[in-house]
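A closer look at the structure
Chain residues, written in single-letter form:
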Amino acid sequence: MNDIAPDTGRRLAATGLRYEDVSIGDWFDTPARHVGTELIDAFAELTGDRFEIHMDDDAARAHGFPSRVAHGLLILSLVDGLKNQAQARFLAIASLGWNFRFERPVLAGDTITARVRIKDKRTTSRPDRGILTLGFCVRKQTGETVQSGENQLMVYR
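Quick look at the structure, then.

Rules and cut-offs
- Residues numbered from 1 in each chain as written.
- Predicted model: local features only at pLDDT ≥ 70, side-chain atom pairs only at ≥ 80, totals over all residues.
- Heavy atoms only, no water.
- Phe/Tyr/Trp six-rings, centres within 6.5 Å; stacked < 30°, edge-to-face > 60°.
- Helix = DSSP H or I, 4+ residues; strand = E, 2+ residues; numbered from the N terminus.
- Buried < 20%, exposed > 50% of the residue type's maximum accessible area, 1.4 Å probe, protein only.
- Core = buried A, V, L, I, M, F, W, Y, C linked by side-chain atoms within 4.5 Å.
- Contact = heavy atoms within 4.5 Å.
- Arc of directions from axis to C-beta.

The subject of this paragraph is the packing of aromatic side chains. Summed over the entire model, instances satisfying the criterion amount to four aromatic pairs. Ring centres of Trp98 and Phe136 lie 5.3 Å apart, and the angle between their planes is 45°; on these two criteria the pair is classed as tilted. Of this pair, Trp98 sits in strand S3 (residues 92-102) while Phe136 sits in strand S5 (residues 129-140), and the two are 38 residues apart along the sequence. Of the residues examined, Trp98 reaches a relative accessible area of 30% and is grouped as partly exposed.

Turning to the nonpolar core, a few remarks are in order. The nonpolar side chains of a soluble globular protein tend to be buried, and buried together. Of all hydrophobic cores here, the largest spans 32 residues; its most connected members are Val35, Ile75, Phe90 and Ile112. Where this core is concerned, the elements lending two or more residues are helix H1 (37-47), helix H4 (72-85), strand S4 (110-123), S5 and strand S6 (145-156). Top contributing element to this core by residue count: H4, with six residues. Val35 has contacts with Ile40, Ala70, Leu74, Ile75, Leu78, Val106, Leu107, Ala108, Gly109, Asp110 and Ile112, leaving out every residue within four places of it along the chain.

Looking at H1, one finds that the buried residues are Leu39, Ile40, Phe43 and Ala44. Buried residues along H1 cover an arc of 135° about the axis, so they all sit on one side. Opposite the buried face of H1, by more than 90 degrees, sit the exposed residues Glu38, Glu45 and Leu46. On its buried face, H1 is in contact with strand S2 (33-35), helix H2 (52-55) and H4. Positive backbone phi, at 85°, marks Gly48, one or two positions downstream of H1.

Structural data, given as structure tokens:
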């Protein structure tokens, strides 16, 4: 699922991208985001998910991690925000769903970025809308893939 290297397509850089503006294989990179303990703490406060590997270094080590682990859903949420901060941006209507895999932990202090590729596109019954399937490969500063998956995004035509 994480094999989304841009072997075809163009690097996208425009804003206000519509369905017709993109082709399968086109891609872009998001900005980077540092994942500090303050983000992990804020996400735990917001969601109520205080599982010990997220909240305490010693507990994380007891479970085999070197330090606190960011929530997988925190990283996915940050990736969605990074997508919307990228140089290339869609004229979007709504996200229709995510299918994501959490492959490796993101630890407190890591920095993430994502490559986004147009994997598929289809029209809808409404002539002013189309659906893009976006493939994501999320990496941390070491180059390791930490998450990968797809997002169905409804955009204007």
